[in-house]
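Structure at a glance
Residue strings, one per chain:
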Amino acid sequence: MKIIEGDFATPKGRFAIVAGRFNAFVVDSLVEGARDQLRRHGVADDAIDLVRVPGAFEIPQAASKIARSGNYVAVIGLGAVIRGSTPHFDFVASEAAKGIGQAAYDSGIPVAFGVLTTDSIEQAIERSGTKAGNKGADVALVAIEMVNLYAKLDR
């Protein structure tokens, strides 16, 4: 049995980060974590584009368009949906997850899911660079690994 898996070697190509402006106090930290992780793995600053959208619901729309453009090897979707007292959270979180997955399936390139879905502001802050690490950095690693895996599968 041959095992094929991605690695964390410097990937070739451009990355797009699609980030929601809503809950920017959290999302901006996720973006910085992702950019830092990409740079640490050899991706040049000029090979990273940041695309801002209004909120998490719009991330899949932009991610799909970007992924299908042929200009990028991966797209990283970053946002934060914090539960409130209405069902709005459930709709937005569900559609963001479903849409980002659909963008990956339709485009044939990695589209990584980095939308925090938390019960409280405190949980979101913890996952954007404090106690629970930075999920933006974690998602950037997923994107790098998947880009390298796709490259191996294309050989």
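In this text, all values refer to a predicted model and were calculated from it rather than measured experimentally.

Summing up its helical and strand segments, the protein has 5 helices and 6 strands in all. Tracing the protein from N to C terminus, the helices and strands come up as β-α-β-α-β-α-β-α-β-β-α. Its C-alpha atoms put the protein at 50 × 35 × 30 Å along the principal axes. Among the 155 residues that make up the protein, the fraction classed as buried is 45%. About 8100 Å² of surface is accessible on the protein, with carbon and sulfur atoms providing 53% of the total. Counting 17 positive and 18 negative side-chain charges, the protein places the centres of these two groups 3 Å from one another.

Right, let's talk about the packing of helix H2 (residues 59-68) against helix H3 (residues 88-107) for a bit. Where H2 contacts H3, the axes come no closer than 8 Å and their chain directions differ by 10 degrees. In terms of their interaxial angle, H2 and H3 are classed as roughly parallel. Where H2 approaches H3, its residues Ile59, Pro60, Ala63, Ser64, Ala67 and Arg68 are matched on the opposing element by Glu95, Ala96, Gly99, Ile100, Ala103 and Ser107. A class-by-class count of the residues in the contact of H2 with H3 yields 7 nonpolar, 3 polar and 2 charged.

Taken together, Phe25, Ile121 and Ile125 make up a surface patch of nonpolar side chains, about 270 Å² in accessible area. Tracing the backbone through its elements, the reader meets phenylalanine 25 in helix H1 (residues 24-40). In this structure phenylalanine 25 comes out as partly exposed when scored by relative accessible area, which is 48%.

As a further point, take the UniProt feature "active site" (unreviewed entry) in the protein. Those residues carrying the UniProt feature "active site" (unreviewed entry) are His88 in this numbering. Looking at where histidine 88 falls in the secondary structure, it is placed in helix H3. Judged by relative accessible area, which is 53%, histidine 88 ranks as exposed.

The subject of this paragraph is the UniProt feature "binding site: 5-amino-6-(D-ribitylamino)uracil" (unreviewed entry) in the protein. The sites that carry the UniProt feature "binding site: 5-amino-6-(D-ribitylamino)uracil" (unreviewed entry) are, in the present numbering, Phe22, Ala56, Phe57, Glu58, Ala80, Val81, Ile82 and Phe113. In this structure, the largest pocket is lined, among the annotated residues mentioned, by Phe22, Ala56, Phe57, Ala80, Val81 and Ile82. The residue alanine 80 is located in strand S3 (residues 74-82) in this model. For alanine 80, a relative accessible area of 5% gives the class buried. Beyond its immediate chain neighbours, meaning those up to four positions away, alanine 80 contacts Asn23, Val26, Val27, Val115 and Leu116. Here isoleucine 82 lies in strand S3. For isoleucine 82, the contacting residues outside a window of four places in its chain are Asn23, Phe25, Phe89, Thr118, Asp119, Ser120, Ile121 and Ala124.

One pass over the structure, following the stated rule, counts 12 salt bridges. Between aspartate 7 and lysine 152 there is a salt bridge, and its shortest N-O distance comes to 3.0 Å. Of this pair, aspartate 7 sits in the segment before strand S1 (15-20) while lysine 152 sits in helix H5 (residues 135-153), and the two are 145 residues apart along the sequence. According to the relative accessible area criterion, lysine 152 is partly exposed, its value standing at 28%. Measuring nitrogen to oxygen at the nearest pair gives 2.7 Å for the salt bridge that ties arginine 14 to aspartate 49. Of this pair, arginine 14 sits in the segment before S1 while aspartate 49 sits in strand S2 (residues 48-53), and the two are 35 residues apart along the sequence. Owing to a relative accessible area of 23%, aspartate 49 belongs among the partly exposed residues under this scheme. One salt-bridge network, held together by shared partners, links Glu32, Arg35, Arg39 and Asp45.

Definitions and limits used
- Residues numbered from 1 in each chain as written.
- Predicted model: local features only at pLDDT ≥ 70, side-chain atom pairs only at ≥ 80, totals over all residues.
- Heavy atoms only, no water.
- Helix = DSSP H or I, 4+ residues; strand = E, 2+ residues; numbered from the N terminus.
- Buried < 20%, exposed > 50% of the residue type's maximum accessible area, 1.4 Å probe, protein only.
- Areas by Shrake-Rupley, 256 points an atom, 1.4 Å probe, with all protein chains shown as cover.
- Lys, Arg positive; Asp, Glu negative; His and termini not counted.
- Charge placed at Lys NZ, Arg CZ, Asp CG, Glu CD.
- Axes fitted to C-alpha atoms, helices over the stretch in contact; angles between N-to-C directions.
- Parallel < 35°, antiparallel > 145°, perpendicular 65-115°, else oblique.
- Contact = heavy atoms within 4.5 Å.
- Nonpolar A, V, L, I, M, F, W, Y, C, P; charged D, E, K, R; others polar.
- Patch = residues over 30% accessible without salt bridge, like charges linked within 9 Å, V, L, I, M, F, W, Y side chains within 5 Å.
- Salt bridge = Lys/Arg side-chain N within 4 Å of Asp/Glu carboxyl O.
- UniProt positions renumbered as here; feature names shortened; annotations may be inferred.
- 1 Å grid on protein atoms, 1.4 Å probe; cavity = no way out; pocket = protein on both sides within 12 Å on 5 of 7 lines; lining within 4 Å.

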